[in-house]
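Chain by chain, the residues:
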Amino acid sequence: MSATSPHVLVIEDERAMAAVLRDNLEAEGHRVSIAGDGPSGETAWARGDADLVVLDVMLPGIDGFALCEQRRDAGDRTPVLFLSARGEPEDRVRGLRAGGDDYLAKPFHLPEFILRVEALLRRCGWSGGSDLLRFAGHTVDLRAWTATLADGRQENLGERELGILRLLASRAGEVVRRDDILDEVWGDDAFPSSRTIDNVVLRLRRLFEPDPSRPVHLHTVWGVGYRFTLEPEDGSEEEER
Ligand code: CA
């Protein structure tokens, strides 16, 4: 089930604070990793597997503003919630200018922290603990194995269709290799041909793509695997036609 829960990277040097945040995020069903200073936060963030970064401003090594600017300059658009001991309006502005998506001044109430985290995750397609994936007007219920398409049609999803969609969506924006798809969706008990994966992706495209022959969400990365994007994106660089 871990693929259905968002991964939150907490970059915070105060251990007690980091532990409280971790406990509360895990209670919401999120996966959490913690980095305790700027440089290790940068390394963890650059790994690219975080769905949200909770970023303290005052950090040893490199401060949160500079770190966020660096990642944004590198093209990283992972949502960022800044935490700062300073609640001055100009700090908030600086945080947003640095590429942050939201800003919370310490001390804060944990329920507000959680609400802001959920709001940011929803914006990028996650829906709290309800396991709904929303993109392009479609809503996929990852627990009920059903989809309500943008045009209102209801469709049932098969186990493999759901598995592939869940895996790709949990790593949205990343290339997911065929081997990883086989491991996570089929497991060890079956050896489907690559054709089998392609056929499942084909059905997903017929359901979710405006034009299945020119996919804008479920991209083929030739010879490697697939990449899913929540926002429509022209995949022509990667597609070999
Ligand atoms: Ca700090």
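In every chain, residue numbers begin from 1 and rise along the written sequence. Reporting in this predicted model follows two pLDDT cut-offs: at least 70 for local features of residues, and 80 or more for side-chain atom pairs to be given and counted; totals over whole chains, interfaces and linings ignore these cut-offs and use all residues. Note that the side-chain values use all heavy atoms of the structure and ignore hydrogens as well as water.

**Student:** Let's hear about the sheet that holds strand β11 (residues 218–221): which residues, and what values?
**Tutor:** Overall, antiparallel pairing links the three strands, which are arranged β10-β12-β11 in an open sheet. For this open sheet the edge positions go to β10 (175–177) and β11, each flanked by a neighbour on one side alone. Between one strand axis and the next, the sheet turns by 35° as a mean value, whatever way the strands run. For β11 and strand β12 (residues 225–228), the ladder comprises four bridges, and the chain directions are antiparallel. Opposite Thr220, over in β12, you have Tyr226 as the bridge partner. Its contacts with the sheet place helix α6 (residues 159–170) against β10, β11 and β12, and it is angled at close to 65° to β12. Along the sheet, helix α7 (residues 178–186) makes contact with β10 and β12, crossing β10 at roughly 65°. Only strands joined by at least two bridges in the DSSP assignment are considered to pair. Working definition: helices are DSSP H or I runs of at least four residues, strands are E runs of at least two. Numbering for both runs from the N terminus. Between N-to-C directions, angles span 0 to 180 degrees; the directions come from axes that are lines fitted to C-alpha atoms, helices contributing only their stretch in contact. Contacts are assigned to residue pairs that have any heavy atoms within 4.5 Å of one another.

**Student:** Summarise the coordination of the calcium ion; cite the residues concerned and give the values.
**Tutor:** A 2.8 Å cut-off from the metal defines N, O and S donors, relaxed to 3.2 Å for Na, K and Ca; water is not in the atom list, so some sites may appear incomplete. For the calcium ion, every protein donor is listed as Asp13 (OD), Asp56 (OD) and Met58 (O), and the spread of their distances is 2.1 to 2.3 Å. All donors of the calcium ion come from a single chain, and their spacing in sequence reads D-x42-D-x1-M. Residue Asp13 is found in the loop between β1 (7–11) and α1 (15–27), and its partner Asp56 is found in strand β3 (residues 52–56); the two are separated by 43 residues along the sequence. In this scheme, a residue with accessible area under 20% of its type's maximum is buried, one over 50% is exposed, and one in between is partly exposed, where area comes from a 1.4 Å probe on protein chains only. Judged by relative accessible area, which is 31%, Asp13 ranks as partly exposed.

**Student:** Please provide a residue-by-residue account of the packing of aromatic side chains, values included.
**Tutor:** The geometry of an aromatic ring pair comes down to the distance between the two centres and the angle between the two planes. We call Phe, Tyr and Trp rings a pair once their centres come within 6.5 Å, taking the six-membered ring for Trp, and we label the pair stacked below 30 degrees between planes, edge-to-face above 60, and tilted otherwise. One pass over the structure, following the stated rule, counts five aromatic pairs. Each residue in the set Phe65, Phe82 and Tyr103 is aromatic and connected to the rest through ring pairs, giving one cluster.

**Student:** Let's hear about the pattern of salt bridges: which residues, and what values?
**Tutor:** When a carboxyl oxygen of Asp or Glu is within 4 Å of a side-chain nitrogen of Lys or Arg, the pair counts as a salt bridge. Enumeration according to the criterion identifies 14 salt bridges in this entry. In this structure, the salt-bridge partner of Arg153 is Glu155, at a minimum N-O distance of 3.4 Å. When salt bridges with common partners are traced through the structure, they connect Asp151, Arg153, Glu155, Glu161 and Arg203 into a single cluster.

**Student:** I'd like a description of α7, backed by residues and values.
**Tutor:** Residue pairs three or four apart in sequence face the same way in an α-helix, which turns once every 3.6 residues. Looking only at α7, the buried set comprises Ile181, Val185 and Trp186. Take α7 and look down its axis: the buried residues cluster within an arc of 80°, on one side only. For α7, exposure combined with an orientation more than 90 degrees from the buried face picks out Asp179, Asp183 and Glu184. Once α7 finishes, Gly187 follows within two positions and takes phi at roughly 75°, a positive value. Think of the arc as the fan of directions from the helix axis to the C-beta atoms.

**Student:** I'd like to hear about the domain arrangement of the protein, residue by residue, with values.
**Tutor:** For every domain, the bounds stem from an assignment made automatically or drawn from a database. When its domains are assigned, the protein resolves into domain 1 (7–124) and domain 2 (159–240). The centre of domain 1, based on its C-alpha atoms, is set 30 Å off from the matching centre of domain 2.

**Student:** Hey, could you go over the sheet that holds β3 for me, with residue numbers and the actual values?
**Tutor:** If you trace the five strands from one edge of the open sheet to the other, you get β2-β1-β3-β4-β5, paired in parallel fashion. Only two strands of the sheet have a single partner each, and these edge strands are β2 (31–35) and β5 (102–105). Recorded for the sheet is a direction-independent mean angle of 20° between the axes of neighbouring strands. Bridge analysis of β1 against β3 gives four bridges, and the strand direction is parallel. Bridge pairing links Val10 to Val54 in β3. Helix α2 (residues 38–46) rests against β1, β2, β3 and β4 (80–84) of the sheet, and its axis sits at about 165° to β1. Each of β4 and β5 is contacted by helix α4 (residues 89–97), which is oriented at about 145° to β5, the strand it contacts most.

**Student:** So what's going on with the side chain of Thr229? Which residues, and what values?
**Tutor:** When you line up the elements, Thr229 lands in the segment after β12. A relative accessible area of 6% means that Thr229 is categorised as buried. Counted as a polar contact is a pair of N or O atoms within 3.5 Å, where, for protein atoms, one must be capable of donating a hydrogen and the other of accepting one, and residues adjacent in sequence contribute only when both atoms are in side chains. Side-chain polar atoms of Thr229 contact the backbone oxygen of Glu231, separated by 3.0 Å.

**Student:** Could you give me a rundown of the pairing of strand β6 (residues 132–135), with the residues and numbers involved?
**Tutor:** As paired strands, β6 and strand β7 (residues 138–141) are joined by four bridges and run antiparallel to one another. Bridge assignment links Leu132 to a residue of β7, and that residue is Asp141. Linking β6 to β7, which pair antiparallel, is a turn of two residues; within it Ala136 sits at a positive phi near 50°.

**Student:** So what's going on with the packing of α2 against helix α3 (residues 64–73)? Which residues, and what values?
**Tutor:** Each pair of packed helices gets described by two things: the angle between the helix axes and the distance between those axes. Interhelical geometry of α2 versus α3 gives an angle of 25° and a closest axis separation of 11 Å. Taken together, the axes of α2 and α3 are roughly parallel relative to one another. The handedness of the crossing between α2 and α3 comes out as right-handed. Touching Gly38, Gly41, Glu42, Trp45 and Ala46 of α2 are Leu67, Cys68, Gln70, Arg71 and Arg72, all from α3. In terms of residue class, the contact of α2 with α3 is built from four nonpolar, three polar and three charged. Angular relationships are summarised with four words: roughly parallel below 35 degrees, roughly antiparallel beyond 145, roughly perpendicular across 65 to 115, and oblique for the angles in between. Here a crossing is taken to be left-handed if its near helix is turned anticlockwise relative to the far helix by less than a right angle, and right-handed if that turn runs clockwise. Residues are grouped as follows: Ala, Val, Leu, Ile, Met, Phe, Trp, Tyr, Cys and Pro are nonpolar; Asp, Glu, Lys and Arg are charged; all remaining types, including Gly, are polar.

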